[in-house]
Each structure stands twice: as C-alpha cells, then as structure tokens.
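# A structural walkthrough
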Amino acid sequence: MADPSLLPHPARHQAMLARYGFGLFPVPRYQDAAVGSWRVARYGRGPVEGYLPGAVLEPERHVLHHGRTAWMSTSLMELESHAFHVHQAVGVVVVAGLGMAMYAHAAVQRPEVLRVVVVEQAKEVIAVARAAAGMDRWPRGDKVRIVQGDALGSRLADLVLDATGGRRPDYLYADIWAELAAPQAPDDTARMVLALQPKAAGWWGQELSFGRWCQEHGQPAEPATLQAYAQETGVPIPVSAGYAAFCRDVAAARLPRRPAAGQPSGWRRLWARLRGAGSG
Ligand SMILES: C[S@@+](CC[C@H](N)C(=O)[O-])C[C@H]1O[C@@H](n2cnc3c(N)ncnc32)[C@H](O)[C@@H]1O
C-alpha cells in the first residue's frame, strides 16, 4: 500500500477525482543524484502553473537535467499531465522513457498492475533514476523491469516481449520527448503501437495534441471526436466522457485561443481599437 503522505496537492487531487474520475498519484521522495551528464536536482519553494487551470505554491520540486536541457520534473504540470495515463495502468504496462521513474513508481503502486516494463535508451538515466528515486526501496518494486534500448528501434518488440513473458501489453505509455506534446509524438507512439500491439495506449501531452487537432478541424473535444482522433493517429486512446472533459479543460488553459471564423484576431482587434476604429 502506497504511503498516503506521498500523494501531492490533495485538494487538486480531490477536485480532479470529482470532475474527471481520476486524480493525482504518489510521488517518490527524491534526492539529488548525478551520473555522467544526467542529474536530478532539488529546487526550493515557488509558485507554479498546473497543466489544468490555476497555480499552486510548491514547497519544492526535483528536476532531471541532461546537460542544460530539463527533461522532467515533479512539478504540478508534470503530475497533472501524467495523471490520466497513470489511471490507465492495469495488468502489463509498457513505459517508453524512464526519466525520473515517476510514472513507473505510480504504476507499480496500483494493485491492478502486474508488471511494468520500462524501455530507456540512456544507461546513465537508469542509474540516476535508481539513485534519485530510491528505486531499490519501493514497495512492490519487484514488479518493475527496466530494459535498455531504443523505443523507436526495430528490436522493440523483442526487448519488451522478453520482459513481459510474452504477454501483450495492456497499456503503453510513451514519454520520450523533452517537449510537451511534441509534434512527432503521435506518430512515434503509433510506431510503438504497431510493434507492441497494446490494448490501449497514450503519450505525454496527448490532451494538447488532441486540442490542437480539434482547433484545426473546428471540432469540440468530445468522446466522439476523441475516437476519431484515435483512429486517425493509429493509437488506441481510451475514450470516456471524463477524459474528454479533462482534454477540454487542459486545452482551454494552455492553448492560445483562435478567433471564431470571420472574427479578427486579438491583436487585430487591439490594433483596430488603438486606431480608434473599434471592432464591434
Ligand atoms: C521526459 S523523460 C520521461 C519521464 C517519465 N515519464 C517519468 O515519469 O519520470 C524522457 C525519457 O525518455 C528517454 N528517451 C528518449 N528517447 C528515447 C528512445 N528513443 N527510447 C527510449 N528512451 C528514450 C530519455 O532518456 C528520458 O529518460
């Protein structure tokens, strides 16, 4: 059973549970660690934005750096953007990208998860995450298998099936990018889906990728459009009313608004007002 003191932001957790049917998850007690050019470092108290609307004052956060690039952190934005995918973890879970092992830690704490197979390409990340997240002391850490390899490589299926004991994955979570909702994320994930044939799958920032797709297609973020998006991308995204509502809220908080058809953009309206022409 996970230590309840490891559950961050209890008020946001409760609000998410009530609105979407899933909430936050326990996070390991991190410590600083460095291996090669990768390091996990602690940062002190500060206000941070969520993935959902609103900000909180965080007592501290840890960040994974590779050289000067920040790859991952325990900030509220990361917690909320991992939350749905943690909630999907059941049976055999495959994770592309170990990072700080935050997702792997949350997944193994779930009683409905039997095994978590993580594919990570950087040997130093495996060492730094093991030390920083205290992986050797996790309750139910025996469920984790880490394989070193390229999640986009031709040997992915062999690597993973060996570690799952030949079982088809129940959920694939792909998070191998430093950028949130990276443009290549849907295609990269679809490639992993083709290799592994998981029953369901998702990627980091999927909600924003879907939100942009809705904007481009002039569609609302609803279960039916999410289904159409899943078909178009080739990723078996689990669809529910609660998740569609989550996607809507994330998009409203984080995507720039597009003017309605025939309406001038915000800048043009401002320019027209400054010129004294008004915009009506
Ligand atoms: C943002 S981190 C993942 C964070 C993770 N979700 C967590 O909860 O801590 C991305 C990770 O993907 C790894 N990575 C990048 N490209 C990869 C690839 N092609 N195959 C496997 N791992 C990859 C990076 O080394 C890094 O550890």
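This text goes with the structure placed above it.
Secondary structure summary: the protein chain contains 10 helices and 11 strands in total. Principal-axis analysis of the C-alpha atoms places the extent of the protein chain at approximately 65 × 40 × 35 Å. Within the protein chain, counting contacts between residues at least 6 apart in sequence, those at least 24 apart form 62% of the total.

Before going further, it helps to examine the environment of tryptophan 71. Structurally, the position occupied by tryptophan 71 is in strand E6 (residues 69-73). The exposure class assigned to tryptophan 71 is buried, which follows from the 20 C-beta atoms found within 10 Å. Distance in space between the C-alpha atoms of tryptophan 71 and arginine 191 is 22 Å, their sequence separation being 120 residues. When residues no more than four places from it in sequence are discounted, the contact partners of tryptophan 71 are Leu64, His65, His66, Gly99 and Ala178.

The full set close to the ligand counts 20 residues, and Gly97, Gly99, Met102, Tyr103 and Ala151 are the nearest of them. Counting residues per element, the ones that place at least two in the shell around the ligand are E6, helix H3 (102-109) and strand E8 (113-120). Residues of the shell around the ligand, tallied by class, amount to 14 nonpolar, three polar and three charged.

If you look at the biggest cluster of nonpolar residues, it comprises 80 residues, and the most contacted ones within it are Val93, Ala104, Ala107 and Val116. Of all the elements, H3 adds the most residues to this core, at six residues.

To continue, consider the environment of arginine 168. With respect to the helices and strands, arginine 168 occurs in the loop between helix H5 (156-164) and strand E10 (171-174). Since 13 C-beta atoms lie within 10 Å of it, arginine 168 is described here as partly exposed. Through-space distance from the C-alpha of arginine 168 to that of phenylalanine 210 is 26 Å; in sequence the pair is 42 residues apart. Beyond its immediate stretch of four places on either side in the chain, arginine 168 contacts Gln197, Pro198 and Lys199.

Turning our attention to the packing of helix H2 (residues 76-87) against H3. Where H2 contacts H3, the axes come no closer than 10 Å and their chain directions differ by 35 degrees. Read as a crossing pair, H2 and H3 show a hand that is right-handed. Within the contact between the two elements, H2 uses His82, His85 and Val86 and H3 uses Met102, Tyr103, Ala106 and Ala107.

This part covers the sheet that holds strand E1 (residues 33-35). Taken in spatial order, the four strands of this open sheet run E1-E2-E5-E6, and their pairing is antiparallel. The sheet is open, and its two edges are formed by E1 and E6, each paired on a single side. Averaged over all pairs of adjacent strands, the angle between strand axes in this sheet comes to 25 degrees, irrespective of strand direction. Docked against the sheet, helix H4 (residues 123-132) engages E1 and strand E2 (38-43), running at close to 160 degrees with respect to E1.

Procedures and definitions
Residues numbered from 1 in each chain as written. Predicted model: local features only at pLDDT ≥ 70, side-chain atom pairs only at ≥ 80, totals over all residues. Helix = DSSP H or I, 4+ residues; strand = E, 2+ residues; numbered from the N terminus. Contact = placed C-beta atoms within 7 Å. Buried ≥ 20, exposed ≤ 12 C-beta atoms within 10 Å, placed from the backbone. Near = placed C-beta within 6 Å. Nonpolar A, V, L, I, M, F, W, Y, C, P; charged D, E, K, R; others polar. Core = buried A, V, L, I, M, F, W, Y, C linked by C-beta atoms within 7 Å. Axes fitted to C-alpha atoms, helices over the stretch in contact; angles between N-to-C directions. Left-handed = near helix turned anticlockwise from the far one by under 90°. Pairing = 2+ DSSP bridges.

Remember that the coordinates give geometry; whether it matters functionally is a separate question.
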